[in-house]
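Commentary on secondary and tertiary structure
So the chains spell out like this:
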Amino acid sequence: GAGVSQSPSNKVTEKGKDVELRCDPISGHTALYWYRQSLGQGLEFLIYFQGNSAPDKSGLPSDRFSAERTGGSVSTLTIQRTQQEDSAVYLCASSLEAGRERGYTFGSGTRLTVV
Amino acid sequence: DAKTTQPPSMDCAEGRAANLPCNHSTISGNEYVYWYRQIHSQGPQYIIHGLKNNETNEMASLIITEDRKSSTLILPHATLRDTAVYYCIVRVPLGAGNMLTFGGGTRLMVKP
């Protein structure tokens, strides 16, 4: 596609339920990033995939968070046993390769609300 | 990554130049200055980046001081659609993770 696509755009879930957020990066982009943005805050790095290398999970806030990237393309961010503090906009970005200065393209995000 | 300091908010009249400052006094020699912006309900959008020379593209100009401890993003003729949060980031383009570290940014309000 022309841009980074994220789905769903909005998700309301009950506390304790699991959610899956999807990211379709730009075709051919080897690097993929997940960030989250709480209301009125800056972006918080979560996880980074580069090609077939092991992902950098250093930003994941707890073991309830996990992500995978299948076939080097689509990525899914899973949050288990959601808590109200998980409410945020989850943003995905991709780039041609790690470190390309201009390569980051962000999706419009998934707004997650945990009630 | 070096820390940046930006004013939390600025106003600009439509059609005038918007000058957004950023301090990065601890920048290292191999760190670039990047600017992104985030319009309400959208993901961040790349604007421009530079190392030490001033840069210009179709969106903006970037002026970096000679000592590289500060920079200014210039939107030459601001429009209402330029209302957004503008983030200044300094980082090496290559490195572990290569993630962007976003601070609070400057909320630019362009007024008619």
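Look a little higher up for the structure.
These notes cover the structure that comes with them. Given the structure is predicted, the values throughout are model-derived calculations rather than measurements. (Residues numbered from 1 in each chain as written. Chains lettered and ligands numbered in written order. Predicted model: local features only at pLDDT ≥ 70, side-chain atom pairs only at ≥ 80, totals over all residues. Heavy atoms only, no water.)

1. A closer look at the overall build of chain B
For the record, the criterion: Strands here mean DSSP runs of E at least two residues long; helices mean DSSP runs of H or I at least four residues long; both are numbered from the N terminus. Each radius of gyration is computed over the set of C-alpha atoms, and the globule rule expresses the reference value as 2.2 Å times the number of residues to the power 0.38. Burial classes: relative accessible area under 20% of the type maximum marks a residue as buried, over 50% as exposed, and values in between as partly exposed (1.4 Å probe, protein chains only). For this analysis, residues touch if any pair of their heavy atoms sits within 4.5 Å. The protein chains shown are the only cover counted for residues, whose accessible areas, like all others here, come from Shrake-Rupley with a 1.4 Å probe. Lys and Arg are tallied as positive, Asp and Glu as negative. Neither His nor the chain termini are counted. The location of each charge is read from NZ of Lys, CZ of Arg, CG of Asp or CD of Glu.
In terms of regular secondary structure, chain B is built from zero helices and nine strands. Counting from the amino terminus, helix and strand elements in chain B follow one another as β-β-β-β-β-β-β-β-β. Relative to the 2.2 N^0.38 estimate, which gives 13 Å for 112 residues, the radius of gyration of chain B is 13 Å and therefore close to what a compact globule would have. Principal-axis analysis of the C-alpha atoms places the extent of chain B at approximately 40 × 30 × 25 Å. Looking at chain B residue by residue over its 112 residues, the buried ones come to 46%. For chain B, contacts bridging at least 24 residues in sequence account for 58% of all contacts bridging at least 6. Carbon together with sulfur atoms contributes 51% to the accessible area of chain B, which is approximately 5,600 Å² in total. Counting 10 positive and 9 negative side-chain charges, chain B places the averaged centre of each group 4 Å from the other.

2. Thoughts on the state of the cysteines
Our working rule: For the purposes of this analysis, a disulfide is any pair of cysteine sulfur atoms at a distance within 2.5 Å.
By the definition in use, this model includes two disulfides over all chains. Paired by a disulfide, A:C23 and A:C92 hold their sulfur atoms 1.9 Å apart. Here the S-S torsion is close to -65 degrees, and the disulfide linking A:C23 with A:C92 is therefore left-handed. Within this pair, whereas A:C23 is found in strand 3 (residues 19-24), its partner A:C92 is found in strand 8 (residues 88-95), the two being separated by 69 residues in sequence. Here A:C23 matches A:C92 in class, with each residue buried. Covalent S-S linkage joins B:C22 and B:C88, the inter-sulfur distance amounting to 2.1 Å.

3. Re the pattern of salt bridges
What counts is decided by this rule: Within this document, salt bridges are pairs made up of a side-chain nitrogen of Lys or Arg and a carboxyl oxygen of Asp or Glu, the two lying within 4 Å of each other.
What the rule picks out here adds up to six salt bridges over all chains. One salt bridge in this structure joins A:D24 and A:R22, with 2.8 Å as the shortest N-O distance. With a relative accessible area of 37%, A:R22 lands in the partly exposed category. One salt bridge connects B:K111 with B:D11, and the closest N-O pair in it is separated by 3.0 Å. Remark: B:D11 occurs in strand 1 (residues 9-13) and B:K111 occurs in strand 9 (residues 106-111); sequence separation between them is 100 residues. Since its relative accessible area comes to 40%, B:K111 is described here as partly exposed.

4. A closer look at the nonpolar core
Quick reminder of the rule: Definition of nonpolar core: a set of buried residues of the types Ala, Val, Leu, Ile, Met, Phe, Trp, Tyr and Cys, connected through side-chain atoms within 4.5 Å.
Judged by nonpolar contacts, the single largest core of 21 residues is most densely connected at B:W35, B:L73, B:Y86 and B:L108. Residue assignment for this core shows that the elements contributing at least two residues are strand 2 (18-23), strand 3 (32-38), strand 4 (45-50), strand 6 (61-64), strand 7 (70-75), strand 8 (84-91) and strand 9 of chain B. Looking at which element gives the most residues to this core, the answer is strand 8 of chain B, with four residues. Within the second largest apolar cluster, 20 residues are counted, among which are A:F49, A:L60, A:Y90 and A:L112.

5. Points about the sheet that holds strand 7 (residues 75-79) of chain A
All names here are of chain A. Going by this rule: Whether two strands pair comes down to DSSP finding at least two bridges between them. Helix axes are fitted to C-alpha atoms over the stretch in contact, other axes to C-alpha atoms as well, and angles between N-to-C directions run from 0 to 180 degrees.
A sheet is described by the order of its strands in space; here four strands give the open sequence 1-3-7-6, paired in antiparallel fashion. Only two strands of the sheet have a single partner each, and these edge strands are strand 1 (5-7) and strand 6 (65-69). On average, each strand axis in the sheet is inclined to that of its neighbour by 15 degrees, with strand direction left out of account. Taken together, the three bridges between strand 1 and strand 3 define a ladder with antiparallel strand orientation. Among the inter-strand pairings, Q6 is bridged to a residue of strand 3, identified as C23.

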